[in-house]
Every structure is written in structure tokens, then in C-alpha cells.
Amino acid sequence: MEGRDVRGHYEELATEYDEHWVYGPDYIPWMSSRIAEALRLGPTDRIADIGSGTGLFAREVAKQFRPRHPILCVDPSEAMLDQLGTPPPADLTPVIASAEDIAEGRTRLPYEQLDAMWLKESVHHVADPARTLRGLADQLAPGGRLLVVMLPATIQYPLFEAALARFEELQPDPAVIEGHLRAAGLEAGLSHVEHELRVDRDKYLGMVRARYMSLLSTFSDSEIEKGIDEIRVAHPEPVLVFPDRFAFVLGRRGEESE
């Protein structure tokens, strides 16, 4: 998807995003804990959530972790960031900017350097991942960590076949992202985490109809409805159970500035 289309997709979803995106009550705390553990967050860390959307994960990390500095919620969609509240919570600071804006220095952050940042399922929206990740890596303080959380190259979601095929066309390979972090001068590693999802089938069909995944916005209304019919036939069970597996690509800058 082009940047403008992505922004429009999320602008339309903003007010209903949390309702459609959250699979269940334990999902956000689970993922937020995994992010905090992977980044080894410390109380004095200066932290940014790049592509934060409505701040689902930043809000939970702040609640669990109580960092001394507000977490920066960076997103190009003002409508999504508006969901943080007016005014936003004291432990979250909205920044209207894209990952590219930060990487290229077009938007200055409140902190001169960052100790930790994460991109949660947003790297596939970046037109030039190598360049953007290199620019983000340059924002890290010595010892700083950058975590890219992304879906693997194939998924086992109960979507319709055309959507699964399109996902594989559009999704970057986590191993390639790991290579980009290394090329940016970071020590990098790749690991995976998995969480079992249980979602009421009707709720999930509503999520698909609302195009909760950006790739679904590449399908017309009639294609979505046809896909929903296909899901109904393939999954007659009232509760859908499937694995949500994520690649965690972690980069770390050395203790000495380069």
C-alpha cells in the first residue's frame, strides 16, 4: 500500500480501531510484556513506539513499567493519535510523524537520542525499509535497542485464500529485516513468540468486514463479502482458535558511539 492509502485506511478506522483490532482481553498485556522483555526496558529509558496507532501497546507498557520519561507515540495519523485522549496521559507524548519522517530528520523528537524503540507490525508500510531502519538506528543512544515486531512470511489466520495469498506477496521476510539492522551497524538477532488466539467467529467476521488488517483494504466490498462467505464455509465452528506467531527482530547499538 502507498503511504497515502495507508494513512487513509487508518484515518477511517481510528474511532473503531481498538474495538476491531483487539482479539481478546489478554492479548495487549501479553504482547506488551513481550516487547518490554525483549527491549530490556529500564526505568530511565527514553522510549518511542514508532507507528503507535492509538497507543494500545505504549499505554500498556507505560502501565506495566512506569517509565520516568513519557513514551513517544509516533504515528502519521492524527486521528489515531487523538484516541490517546485530550489531553493525552502524562506518560504518553503523541508525535504526528511517519517512521520515514523520524529516520530522515524531518521531525525532531523531544529526546536527543532514544534508548529503546519498537515498530509493531508497521515495517511493511515502509517504502524503503533498509534506509528507514538505518535512519532510526542513528537515533539510538549507545546501548540503545530497536525492536521490529512483525508477522512471519506466512500466517495461519482463518482468512480467505485470496487474502492469505496477498499477505505473502506483501509481507517482508523477517530475515531480510534482520540483515537491514546489521547493515545499520546494530548487533541483530531474530526470534519468535507465539500466542493462541480464541475469537468468536462472528466477531472475527466483523473484523474482516472492517478491514482490520491493512491488506484487506486492497479488496473491494464485494470481494470482502465473498471472502467472508468462504470463511463461514471453511470455519463453521463458533469460536476460531489459531496461533498468532510473531517474529521479533532486535537490534542493539554498541556501548560506544560510532
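See the structure printed just above.
These figures come from a predicted structure and were not determined experimentally.

### Considering the side chain of aspartate 115
Tracing the backbone shows aspartate 115 in strand 4 (residues 114-120). Here aspartate 115 falls in the buried class, since its relative accessible area comes to 11%. Polar side-chain contacts of aspartate 115 include one of 2.8 Å to the backbone nitrogen of arginine 46. Discounting residues that sit within four places of it in the chain, aspartate 115 has contacts with Thr44, Asp45, Arg46, Ala141, Gly144 and Arg145.

### A few points about the pattern of salt bridges
Going through the model one piece at a time under the given rule, you end up with 15 salt bridges. Glutamate 178 is the salt-bridge partner of arginine 182, the closest N and O atoms lying 3.0 Å from each other. With a gap of four residues between them, arginine 182 and glutamate 178 both fall in helix 9 (residues 174-183), about one helical turn apart. Accessibility expressed as a relative area gives 46% for arginine 182, which makes it partly exposed. Residue glutamate 178 is classed as buried on the basis of its relative accessible area of 13%.

### A few points about the side chain of aspartate 49
The residue aspartate 49 is located in strand 1 (residues 47-50) in this model. No salt bridge is formed by the buried aspartate 49; the nearest opposite charge belongs to lysine 120, separated by 9.2 Å. Engagement of the side chain of aspartate 49 in a polar contact is seen with the side chain of tryptophan 118, the distance being 3.0 Å.

### Things to note about the pairing of strand 5 (residues 140-150)
Within strand 5, ten of the eleven residues are buried, which leaves it mostly tucked inside the rest of the structure. Of the pairings in the sheet, the one linking strand 4 to strand 5 comprises six bridges and is parallel in character. Counted as the bridge partner of methionine 117 is leucine 146 from strand 5. In the classification by handedness, the crossover that spans strand 4, the intervening helix 7 (residues 129-137) and the parallel strand 5 is right-handed.

Rules of the game
- Residues numbered from 1 in each chain as written.
- Predicted model: local features only at pLDDT ≥ 70, side-chain atom pairs only at ≥ 80, totals over all residues.
- Heavy atoms only, no water.
- Helix = DSSP H or I, 4+ residues; strand = E, 2+ residues; numbered from the N terminus.
- Buried < 20%, exposed > 50% of the residue type's maximum accessible area, 1.4 Å probe, protein only.
- Polar contact = N/O pair within 3.5 Å; in protein donor to acceptor, adjacent residues only side chain to side chain.
- Contact = heavy atoms within 4.5 Å.
- Salt bridge = Lys/Arg side-chain N within 4 Å of Asp/Glu carboxyl O.
- Lys, Arg positive; Asp, Glu negative; His and termini not counted.
- Pairing = 2+ DSSP bridges.
- Right-handed = clockwise from strand over helix to strand, strands pointing away.

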